[in-house]
Amino acid sequence: MSLKPRVVVVHRQTEFDELVARHGTPGQAAFFLSTRGRSMEEVKRRHELTTESLGEVAAAIPPDWRRGRVERGDLSRFAFDPGDVVVVVGQDGLVANVAKYLDGQVVIGIDPEPGRNAGVLVRHAPGEAAGLLHRAIRANPASDHLTMVTASSDDGQTLTALNEVFLGHPSHQSARYALVCEMGTEHQSSSGVLVGTGTGATGWLASVARERASAPGMPGPADAALCWFVREAWPSRATGTSLTSGRLEAGEKLALVAETDGLVVFGDGIEADALTLRWGQRVEVRVSDRALRLI
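Participant: Explain the overall build of the protein to me, please; I cannot follow it from the model alone.
Facilitator: The helix and strand tally for the protein stands at 6 helices and 16 strands. On C-alpha atoms alone, the protein measures out to a radius of gyration of 21 Å, which is about the 19 Å that the 2.2 N^0.38 rule sets for 295 residues. Along the first, second and third principal axes, the C-alpha set of the protein runs to 65 × 55 × 35 Å. Counting contacts in the protein only where the partners sit at least 6 residues apart, residues at least 24 apart contribute 67% of the total.

Participant: Mind showing me how you'd approach the pairing of strand 16 (residues 282–294) here?
Facilitator: Note on strand geometry: in a regular strand, side chains alternate between the two faces of the sheet. Note that strand 4 (residues 106–110) and strand 16 share 2 bridges and pair parallel. Its bridge partner being in strand 16, V107 is matched across the sheet by L294. Note: strand 5 (residues 144–153) against strand 16, 9 bridges, orientation antiparallel. Across the sheet, residue S153 finds its bridge partner in strand 16, namely V283. Sheet topology places strand 13 (residues 254–258) next to strand 16; 4 bridges connect them, and they run antiparallel. When the sheet's bridge partners are listed, V257 is paired in strand 16 with R282.

Participant: Quick question: what am I supposed to make of the nonpolar core here?
Facilitator: Inside soluble globular proteins, nonpolar side chains tend to come together where they are buried. Within the largest apolar cluster, 27 residues are counted, with the highest numbers of intra-cluster contacts made by V165, L167, L179, V193, V195, W228 and L254. When residues in this core are grouped by element, the largest group, 4 residues, is from strand 8 (residues 175–181). Setting aside anything within four residues of it in sequence, one finds V165 in contact with V149, L159, V193, L194, V195, V265, F266, G267 and V285. Listed in part, the 21 residues of the second largest apolar core include L75, V98, L162 and L294.

Participant: What is the right way to read the packing of aromatic side chains from this model?
Facilitator: Aromatic ring pairs are defined here through the distance separating the ring centres and the angle between the ring planes. Per the stated rule, a full pass over the model turns up 3 aromatic pairs. Centre to centre, the rings of F78 and F80 are 4.8 Å apart; their planes meet at 70 degrees, and the pair counts as edge-to-face. Relative accessible area serves as the criterion here: at 23%, F78 is assigned to the partly exposed category. By relative accessible area, which is 14% here, F80 ends up buried. When the ring of F166 is compared with that of F266, the centres are 5.1 Å apart and the planes differ by 35 degrees; the resulting orientation is tilted. Linking F166 in strand 7 (residues 164–168) with F266 in strand 14 (residues 263–267), this pair joins segments that are 100 residues apart in sequence. Accessibility assignment for this pair places F166 and F266 in one class, buried. Three or more aromatic residues joined by ring pairs make a cluster, and in this case those are F166, W204 and F266.

The rules behind the values
Residues numbered from 1 in each chain as written. Predicted model: local features only at pLDDT ≥ 70, side-chain atom pairs only at ≥ 80, totals over all residues. Heavy atoms only, no water. Helix = DSSP H or I, 4+ residues; strand = E, 2+ residues; numbered from the N terminus. Rg over C-alpha atoms; globule rule 2.2 N^0.38 Å. Contact = heavy atoms within 4.5 Å. Pairing = 2+ DSSP bridges. Core = buried A, V, L, I, M, F, W, Y, C linked by side-chain atoms within 4.5 Å. Buried < 20%, exposed > 50% of the residue type's maximum accessible area, 1.4 Å probe, protein only. Phe/Tyr/Trp six-rings, centres within 6.5 Å; stacked < 30°, edge-to-face > 60°.

Printed below as a string of structure tokens:
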């Protein structure tokens with residue numbers, strides 16, 4: 001007998017949960033917020049919206065289906081099965097957080113706070129969950145295949161992200177490295193390099209691109225291409241600034257060779273889950289073989 005589908009619900013602690021955990025009681029948390037000019041009522045209302053959305057999603061899962069639930073902080077320790085349907089309840093960024101741990105599973109993004117989130121990745125209301133779940137278990141359900149980015153070091157470490165990867169010093173101070181791309185090789189000192197996808201082109205990459213008169217054309221979320229930018233390259237007798245942005249098509253690579261000990265590579269802003277590079281190590285960044293399947 002074949003196993004019933006498994007639905008894994010991904011969520012994160014609400015601000016209310018985090019405040020109560022930090023301050024001990026709701027009353028103490030409310031007092032803390034009042035000293036910052038904020039109201040506990042707004043925080044509690046947002047908490048209730050998320051709780052209600054999680055309840056709606058749980059009720060939409062057929063009773064004979066298998067189910068799991070994982071909080072964002074436990075994602076690195078959770079084992080996703082190949083056939084899982086992953087339902088993300090929260091902000092767009094939570095979809096990016098979970099994407100790196102998936103390999104072909106279908107994802108449904110549920111927005112518990114319409115109007116507050118951009119809704120680029122959490123596209124659906126909680127009330128749509130039942131229909132979406134039945135759609136997701138069909139053979140080859142209609143979905144967007146969003147391009148991801150992969151960084152691989154010469155000692156076998158790999159990291160994959162949905163929005164972008166950052167390469168540089170963990171404190172964002174000057175990092176020394178050799179940058180190698182299709183246009184040539186240059187020794188640089190900068191506050192880091194960003195390489196991102198079309199999905200990430202509306203976030204951190206966009207803030208950098210707006211400052212560049214010669215920024216390359218940004219790819220679309222499903223395009224098999226990446227854009228890269230060097231942040232605040234420093235000109236000196238030993239370091240150059242001629243290679244500071246570009247675009248990588250499928251099959252092309254951008255490489256960095258560390259000329260500083262302790263450089264890091266992390267994805268989608270999760271600094272705690274990073275690759276560490278020592279002097280002379282090489283890391284290559286390219287379009288990932290994996291894509292996020294988003295309903």
